[in-house]
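# Structural overview for review
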Amino acid sequence: GVWETRAPLPAAYWVGGAEVLPSGEAVIERLLRDAPAPVCLLEAEDGPASVTATTDGAIVAATDVRLARDGMTLRIDAPGAGWLVVQEAHYPGWTATVDGRPVPLRRANFLMRGVPVTAGAHVVALGYAPRGYFGLAGLAGLALGVSLALIGRKSRSR
């Protein structure tokens, strides 16, 4: 069969708070029961949440969402302190800034990204740069240089 979501959530949205649940299993159970719901569910094992007020279900959709190969930027006009939930997979290496200042990025709703925001209009930027990327790129460049030097040396000896 085909399943259709009649009221899909926006790609990124603000909610007025987060609920901290004891485990990933508890988050999944809650999502299965209530989905699709505009919530921000965090896991206790990832640490405390800066804003934990419960929400009344009201959301504010992000605007001016711009996707790039290794990140995204968006605008949010938050009516109060809360969480921006970005409907893309969380993975180590993602970072977030709000108005150019680094902020902690949390795994929200088991799989998505959560960014704490204060009241007001903000520009949020998310970027992806996995740890070790620049080190590996430098190592690959060094290996290429050594390979070219060896090839050049061998062709001179002929």
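Scroll up to find the structure.
Cut-offs and rules
Residues numbered from 1 in each chain as written. Predicted model: local features only at pLDDT ≥ 70, side-chain atom pairs only at ≥ 80, totals over all residues. Heavy atoms only, no water. Helix = DSSP H or I, 4+ residues; strand = E, 2+ residues; numbered from the N terminus. Buried < 20%, exposed > 50% of the residue type's maximum accessible area, 1.4 Å probe, protein only. Contact = heavy atoms within 4.5 Å. Areas by Shrake-Rupley, 256 points an atom, 1.4 Å probe, with all protein chains shown as cover. Pairing = 2+ DSSP bridges. Salt bridge = Lys/Arg side-chain N within 4 Å of Asp/Glu carboxyl O. Polar contact = N/O pair within 3.5 Å; in protein donor to acceptor, adjacent residues only side chain to side chain. Axes fitted to C-alpha atoms, helices over the stretch in contact; angles between N-to-C directions.

### Remarks on the overall build of the protein chain
Within the protein chain one finds two helices and 12 strands. Ordered by position in the sequence, the α and β elements of the protein chain form the string β-β-α-β-β-β-β-β-β-β-β-β-β-α. The buried share of the protein chain, reckoned over its 158 residues, is 32%. Long-range contacts, defined as pairs at least 24 residues apart, comprise 66% of the intrachain contacts of the protein chain with a sequence gap of at least 6. Here the protein chain has roughly 9,900 Å² of accessible surface; of this, 60% comes from carbon and sulfur atoms.

### Some words on the pairing of strand β5 (residues 63–68)
Where a strand is regular, its side chains alternate between the two sheet faces. Bridging between β5 and strand β6 (residues 71–78) involves four bridges; their strand directions are antiparallel. Looking across to β6, one finds that Arg66 is bridged to Thr73. Adjacent in sequence and paired antiparallel, β5 and β6 are bridged by two residues.

### Some words on the pattern of salt bridges
The final tally for this structure, using the stated rule, is seven salt bridges. Residue Arg30 pairs with Glu19 through a salt bridge whose shortest N-O separation is 2.4 Å. Residue Arg30 is located in helix α1 (residues 24–34), and its partner Glu19 is located in strand β2 (residues 19–21); the two are separated by 11 residues in the primary sequence. According to the relative accessible area criterion, Arg30 is buried, its value standing at 18%. Across the pair Glu88 and Arg113 runs a salt bridge, and its minimum N-O distance is 2.9 Å. Separated by 25 residues along the polypeptide, Glu88 in the loop between β7 (82–86) and β8 (94–98) and Arg113 in strand β11 (residues 112–117) bring together distant segments of the chain. Using a relative accessible area of 29% as the deciding quantity, one classes Glu88 as partly exposed. Through salt bridges that share partners, Glu19, Arg30, Arg33 and Asp34 make up one connected network.

### Some points on the environment of Asp64
Position of Asp64 among the secondary structure elements: in strand β5. Asp64 sits 59 residues away from Val123 along the chain, and the two C-alpha atoms are 9.5 Å apart. Residues in contact with Asp64, not counting those within four places in the same chain, are Thr73, Leu74 and Arg75. A distance of 2.9 Å separates a polar atom in the side chain of Asp64 from a polar atom in the side chain of Arg66. Looking at Asp64, its side chain comes within polar contact range of the side chain of Arg75, at 3.3 Å.

### Details of the sheet that holds β5
One open sheet accounts for five strands, arranged β5-β6-β12-β8-β9; its pairing is antiparallel. Two strands in the sheet have a free side with no partner beyond their single neighbour: β5 and β9 (101–103). Between one strand axis and the next, the sheet turns by 25° as a mean value, whatever way the strands run. Where β8 meets β9, three bridges bridge the pair, whose relative direction is antiparallel. Bridge pairing in β9 links Thr97 to Pro102.

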